[in-house]
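# An overview of the molecular structure
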Amino acid sequence: MKSLQDALYNWLTIYVVARARPDDAAAQETAAFFKEILKRDFHVTNVKVKKEAKYIVEYKKDDEEESACFPAELIEAMLKQIEEAPEKYDNYPL
């Protein structure tokens, strides 16, 4: 990933899918993979998500508290596609 913003966006998008599909192993593994990228490549820890009118991701980077905001409709686009055409997105059980 080129930037922390991209990594946060990718992680948050699949995190939302994984929360909506807790029995989907692929979603869970992908969310864990992106979270590991945040930790390993960007030194991000203590990640917390708040959903208001937008998604707010709070985290620590090199022991400094930071945050990033993302539009809800952008983050939820993948989940919406899955919900609108579930036959295209197999649920791979744990």
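Preceding this paragraph is the structure being described.
In this report, the structure presented in the accompanying data block is examined. (Residues numbered from 1 in each chain as written. Predicted model: local features only at pLDDT ≥ 70, side-chain atom pairs only at ≥ 80, totals over all residues. Heavy atoms only, no water.)

On the surface, a cluster of negative charge is contributed by Asp63, Glu64, Glu65 and Glu66. Tracing the sequence through the fold places Glu65 in strand β3 (residues 64–71). For Glu65, a relative accessible area of 68% translates into the label exposed. (Patch = residues over 30% accessible without salt bridge, like charges linked within 9 Å, V, L, I, M, F, W, Y side chains within 5 Å. Areas by Shrake-Rupley, 256 points an atom, 1.4 Å probe, with all protein chains shown as cover. Salt bridge = Lys/Arg side-chain N within 4 Å of Asp/Glu carboxyl O. Lys, Arg positive; Asp, Glu negative; His and termini not counted. Charge placed at Lys NZ, Arg CZ, Asp CG, Glu CD. Helix = DSSP H or I, 4+ residues; strand = E, 2+ residues; numbered from the N terminus. Buried < 20%, exposed > 50% of the residue type's maximum accessible area, 1.4 Å probe, protein only.)

An order of β1-β2-β3 is seen for the three strands of this open sheet, with the pairing classed as antiparallel. The open sheet has two free edges, formed respectively by β1 (44–51) and β3, since each of these has just one partner strand. For this sheet, the mean inter-axis angle between neighbouring strands, taken without regard to orientation, is 20°. When β1 meets strand β2 (residues 54–61), the two strands line up antiparallel, connected through six bridges. Looking at β2, one finds that Lys51 is bridged to Tyr55. Seen against the sheet, helix α1 (residues 4–20) touches β1, β2 and β3 and runs at an angle of roughly 120° to β2. (Pairing = 2+ DSSP bridges. Axes fitted to C-alpha atoms, helices over the stretch in contact; angles between N-to-C directions. Contact = heavy atoms within 4.5 Å.)

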